[in-house]
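Working through the structure, step by step
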Amino acid sequence: MEKLIRQIWVLVAIMVALPLWALDGPKFNVAAVKNAEKVIFACDNAAGEKLVLKIKDQAGNVVHQETIVQPTARLYDVSHLGKGVYRFELIGKGGVSAQTVEVRGRESALVMNVTESMQKGIFHLAYFQNFAKEKVYIQIFNEKGEEVYSSHSTEEDFSRLFNLTQQPSGNYTFTITCGEQTLSQTVRVAR
């Protein structure tokens with residue numbers, strides 16, 4: 001483990017020390033490590049320029065974006081993005097620099113959470129990490145298995161309150177389906 005950590009920091013030091021003079025845009029470097037489930041990003045932004053980092057999937061969709069205003073060396077966990085080649089773009093006053101990195105991590109994982117708000121019968125549903133922005137079907141079922149709500153979303157991250165105060169007391173199951181992945185969580189409505 002110590003050897004891997006030492007190798008990562010040596011790689012970061014090399015990446016920061018080696019400027020990419022051939023590029024017109026901001027200077028940076030990326031490298032996949034640890035079975036390509038993590039990516040080291042290093043940018044020597046000594047001038048403190050406001051830079052925009054975009055990570056794009058194979059279809060050109062932006063799966064992550066942030067602003068960088070100082071020298072940065074960061075380790076990104078990209079395993080949740082799924083397999084493929086991803087493009088890192090750094091945009092500054094001088095133009096755009098781009099590099100690609102291959103991700104061989106696990107397939108995209110969707111995470112769901114349902115919690116009751118302070119007001120009884122009002123539930124907060126949130127799901128995260130729909131990076132491919134696939135259609136996510138949202139359903140709520142009562143104890144008899146009858147659907148009391150149905151909708152869909154393509155948001156990467158989704159957050160919404162659901163009012164079940166007009167429903168009878170009992171158990172209700174929130175279900176989201178994205179592709180072949182289905183997640184469910186059962187809650188109790190009590191009067």
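Since the structure is predicted, the reported quantities are computational estimates derived from the model, not experimental observations.

**What about the pairing of strand β9 (residues 122–128)?**
With respect to burial, β9 is a largely interior element, 5 of its 7 residues being buried. As defined by bridge partners, strand β8 (residues 111–116) adjoins β9 across 6 bridges and the pair is classed as antiparallel. Its bridge partner lying in β9, Thr115 is registered against His124. Once β8 ends, the chain turns through 5 residues before running back antiparallel as β9, passing Gly121 with a positive phi of about 90°. With 6 bridges joining them, β9 and strand β12 (residues 158–163) adopt antiparallel strand pairing. Paired with Ile122 across the bridge in β12 is Asn163.

**Description of the confidence of the model for the protein chain**
Summary statistics for the protein chain give a mean pLDDT of 80 and a share of 80% for residues scoring 70 or more. Per-element confidence in the protein chain is highest for strand β10 (residues 136–141), whose mean pLDDT is 95, and lowest for helix α1 (residues 2–17), whose mean pLDDT is 50. Residue range residues 10–23 is modelled with pLDDT below 50. Its contacts to residues more than four positions away, or to other chains, number 18 contacts.

**Points about the environment of Gly95**
Assignment of secondary structure puts Gly95 in strand β7 (residues 95–103). On the basis of relative accessible area, Gly95 is assigned to the partly exposed category, the value being 22%.

**Observations regarding the sheet that holds β8**
Taken together, 3 strands build an open sheet; the order of strands is β8-β9-β12 and the sheet is antiparallel. Each edge of the sheet is formed by a strand with only one pairing partner; in this case those strands are β8 and β12. Averaged over all pairs of adjacent strands, the angle between their axes in this sheet comes to 15°, without regard to strand direction.

**Quick word on the sheet that holds strand β14 (residues 181–189)**
The antiparallel open sheet is built from 4 strands, whose spatial order is β11-β10-β13-β14. Where the open sheet ends on each side, the last strands, each with one partner, are β11 (147–153) and β14. Strand after strand, the sheet turns through a mean of 15° between neighbouring axes, direction not considered. Sheet analysis places strand β13 (residues 170–178) next to β14, joined by 9 bridges and oriented antiparallel. When the bridges of β14 are listed, Thr173 appears paired with Thr186.

Rules used in this analysis
Residues numbered from 1 in each chain as written. Predicted model: local features only at pLDDT ≥ 70, side-chain atom pairs only at ≥ 80, totals over all residues. Heavy atoms only, no water. Buried < 20%, exposed > 50% of the residue type's maximum accessible area, 1.4 Å probe, protein only. Helix = DSSP H or I, 4+ residues; strand = E, 2+ residues; numbered from the N terminus. Pairing = 2+ DSSP bridges. pLDDT = per-residue confidence, 0-100. Contact = heavy atoms within 4.5 Å. Axes fitted to C-alpha atoms, helices over the stretch in contact; angles between N-to-C directions.

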